[in-house]
Amino acid sequence: MMSNYQLILFNDNRNSFEDVIIGLSEFAGQNVYQAENCAYIIHYKGHYVIKTGTKREMLKLCDQLTTFGLTVRIQKSKS
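The present account deals with the structure reproduced in this document. (Residues numbered from 1 in each chain as written. Predicted model: local features only at pLDDT ≥ 70, side-chain atom pairs only at ≥ 80, totals over all residues. Heavy atoms only, no water.)

### Overview of the overall build of the chain
Alright, step 1. When its secondary structure is counted, the chain shows three helices and three strands.
Alright, step 2. Its helices and strands taken in sequence order, the chain reads β-α-α-β-α-β from the N to the C terminus.
Alright, step 3. At 12 Å, the chain has a C-alpha radius of gyration in line with the 12 Å of a compact globule built from 79 residues.
Alright, step 4. Expressed along its principal axes, the backbone C-alpha trace of the chain runs to roughly 35 × 20 × 20 Å.
Alright, step 5. Counting over 79 residues, the chain shows a buried share of 35%.
Alright, step 6. Taking contacts inside the chain between residues at least 6 apart in sequence as the whole, the part at least 24 apart equals 72%.
Alright, step 7. Accessible area of the chain: about 5200 Å², with a carbon and sulfur share of 52%.
Alright, step 8. Taken together, the 9 basic and 7 acidic charged side chains of the chain have centroids lying 15 Å from each other. (Helix = DSSP H or I, 4+ residues; strand = E, 2+ residues; numbered from the N terminus. Rg over C-alpha atoms; globule rule 2.2 N^0.38 Å. Buried < 20%, exposed > 50% of the residue type's maximum accessible area, 1.4 Å probe, protein only. Contact = heavy atoms within 4.5 Å. Areas by Shrake-Rupley, 256 points an atom, 1.4 Å probe, with all protein chains shown as cover. Lys, Arg positive; Asp, Glu negative; His and termini not counted. Charge placed at Lys NZ, Arg CZ, Asp CG, Glu CD.)

Printed below as a string of structure tokens:
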């Protein structure tokens, strides 16, 4: 299977840096350092592609992060 979908995490006014770090660590398989860097990028840019993979993988992760309370969206990769 090809990794042709992206999961984008958006900045919002509901979640703290700690919430984002915990969500990325628990569900997206990132270590604390990676999750912290993502949280800063998301804070300053407004969004960030946190993972790429198959549609099925991204749907599962999207559901987990949404249930956790984060704001995410799946999009088809441009390449």
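Let us keep going from here.
### Re the packing of helix α1 (residues 17-27) against helix α2 (residues 32-45)
Each packed pair of helices is defined by two parameters, the angle between the axes and the distance between the axes.
Alright, step 1. Where α1 contacts α2, the two axes come as close as 8 Å, and the packing angle between them is 130°. Classified by the angle their axes make, α1 and α2 are oblique. For the pair α1 and α2, the sense of crossing is right-handed. Where α1 approaches α2, its residues Phe17, Val20, Ile21, Leu24 and Ser25 are matched on the opposing element by Val32, Ala35, Glu36, Cys38, Ala39, Tyr40 and His43.
Alright, step 2. Looking at side-chain class alone, the contact of α1 with α2 contains nine nonpolar, two polar and one charged residues. (Axes fitted to C-alpha atoms, helices over the stretch in contact; angles between N-to-C directions. Parallel < 35°, antiparallel > 145°, perpendicular 65-115°, else oblique. Left-handed = near helix turned anticlockwise from the far one by under 90°. Nonpolar A, V, L, I, M, F, W, Y, C, P; charged D, E, K, R; others polar.)

### Topic: the sheet that holds strand β1 (residues 5-10)
Alright, step 1. Across the sheet, which stays open at both edges, the three strands sit in the order β2-β1-β3 with antiparallel pairing between neighbours. Strands with a single pairing partner mark the edges of an open sheet, and in this sheet they are β2 (47-53) and β3 (71-76). Taking each pair of neighbouring strands and ignoring which way they run, the sheet shows an average axis angle of 25°.
Alright, step 2. Pairing geometry for β1 and β2, over six bridges, is antiparallel. Note that in β2 the partner of Leu7 across the bridge is Lys51. (Pairing = 2+ DSSP bridges.)

### Describing a nonpolar patch on the surface
Alright, step 1. Together, Phe17, Tyr40 and Tyr44 give the surface a local cluster of nonpolar side chains, amounting to about 360 Å² of exposed area.
Alright, step 2. Considering the arrangement of structural elements, one finds Phe17 in helix α1.
Alright, step 3. Owing to a relative accessible area of 33%, Phe17 belongs among the partly exposed residues under this scheme. (Patch = residues over 30% accessible without salt bridge, like charges linked within 9 Å, V, L, I, M, F, W, Y side chains within 5 Å. Salt bridge = Lys/Arg side-chain N within 4 Å of Asp/Glu carboxyl O.)

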